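What the coordinates show
Each chain, letter by letter, is given below.
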Amino acid sequence: VQLVESGGGLVQVGGSLRLSCAASGSTFNINALGWYRLAPGNQRELVAVITSGGITDYADSVKGRFTISRDNAKNTMYLQMTSLKPEDTAVYFCNADVGYGPLRTSYWGQGTQVTVSS
């Protein structure tokens, strides 16, 4: 599975951005897709996840502001980010949880930078 993120950039506090993650390859075996972020000095943080059945979950820090969705026909996942804060500044990575049992594998995109300026 290959993952390519896009949509990052520079935005002012309170603004919005939409990130996209296009998946290719063996996408039929994806269990869940998620967004993680990594800010300088911090550990990688799970931002949001969506399962193959459409169940979603969010980090407390983004609940009510971010929305994760997926378009299975396009093999693309989105993260709509609103009311952005400086602490949302990070590199955002797309992740795919693929397969089952001993063949279960995690794939990552290259990341896209989001910078929120005050």
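Before reading further, recall that the structure is shown in the block above.
Residues numbered from 1 in each chain as written. Predicted model: local features only at pLDDT ≥ 70, side-chain atom pairs only at ≥ 80, totals over all residues. Heavy atoms only, no water.

1. Notes on the environment of Gly9
Just so we agree on the cut-off: Numbering of helices and strands runs from the N terminus; a helix is a DSSP stretch of H or I covering at least four residues, while a strand is a stretch of E covering at least two. Relative accessibility under 20% of the residue-type maximum defines a buried residue, over 50% an exposed one, and the middle range a partly exposed one, all with a 1.4 Å probe and only protein chains included. Residue contacts follow a heavy-atom distance rule, with two residues in contact if any of their heavy atoms lie within 4.5 Å.
Here Gly9 lies in strand β2 (residues 9-12). Given a relative accessible area of 24%, Gly9 falls into the partly exposed group. Taking the C-alpha atoms as reference, Gly9 lies 8.5 Å from Val116; in sequence the two are 107 residues apart. Each residue touching Gly9, except ones within four places of it in the same chain, is listed here: Leu17, Gln113, Val114 and Thr115.

2. Notes on the state of the cysteines
Heads up, the condition is: The rule for a disulfide is simple: a pair of cysteine sulfur atoms within 2.5 Å.
One pass over the structure, following the stated rule, counts 1 disulfide. Residue pairing for Cys21: its cysteine sulfur links by disulfide to Cys94, the two sulfurs lying 1.9 Å apart. Classification of the bridge connecting Cys21 and Cys94 rests on its S-S torsion, roughly -70 degrees, and on that basis the disulfide is left-handed. Placement of the pair is Cys21 in strand β3 (residues 17-24) and Cys94 in strand β9 (residues 90-98), with a sequence separation of 73 residues. An identical accessibility class is assigned to Cys21 and Cys94; each is buried.

3. Section: the nonpolar core
Operational definition: Remark: nonpolar core denotes a set of buried residues (Ala, Val, Leu, Ile, Met, Phe, Trp, Tyr, Cys) joined through side-chain atoms within 4.5 Å.
Grouped together as the largest cluster of nonpolar side chains are 30 residues, with contacts concentrated most on Trp35, Leu79, Met81 and Tyr92. At the level of secondary structure, the elements contributing two or more residues to this core comprise β3, β4 (30-38), β5 (45-51), β7 (66-71), β8 (76-81), β9 and β11 (112-117). No other element matches the 5 residues that β9 contributes to this core. In this view, Tyr92 contacts Glu5, Leu19, Trp35, Tyr36, Arg37, Val47, Phe66, Leu79, Met81, Gly111, Thr112 and Val114; residues no more than four positions away in its chain are not counted.

4. Considering the pattern of salt bridges
Operational definition: When a carboxyl oxygen of Asp or Glu is within 4 Å of a side-chain nitrogen of Lys or Arg, the pair counts as a salt bridge.
Scanning the model with the defined rule gives 5 salt bridges in all. The salt bridge involving Asp97 is made with Arg104; its shortest N-O contact spans 2.8 Å. Among the residues examined, Arg104 registers a relative accessible area of 54% and is labelled exposed. Via salt bridges that share partners, Arg37, Glu45, Arg65 and Asp88 belong to a single interconnected network.

5. Details of the side chain of Asp97
Its place among the elements puts Asp97 in strand β9. Note on Asp97: relative accessible area 15%, which makes it buried. Once residues within four sequence positions are removed from consideration, Asp97 is found in contact with Asn29, Ile30, Asn31, Ala32, Arg104 and Thr105.

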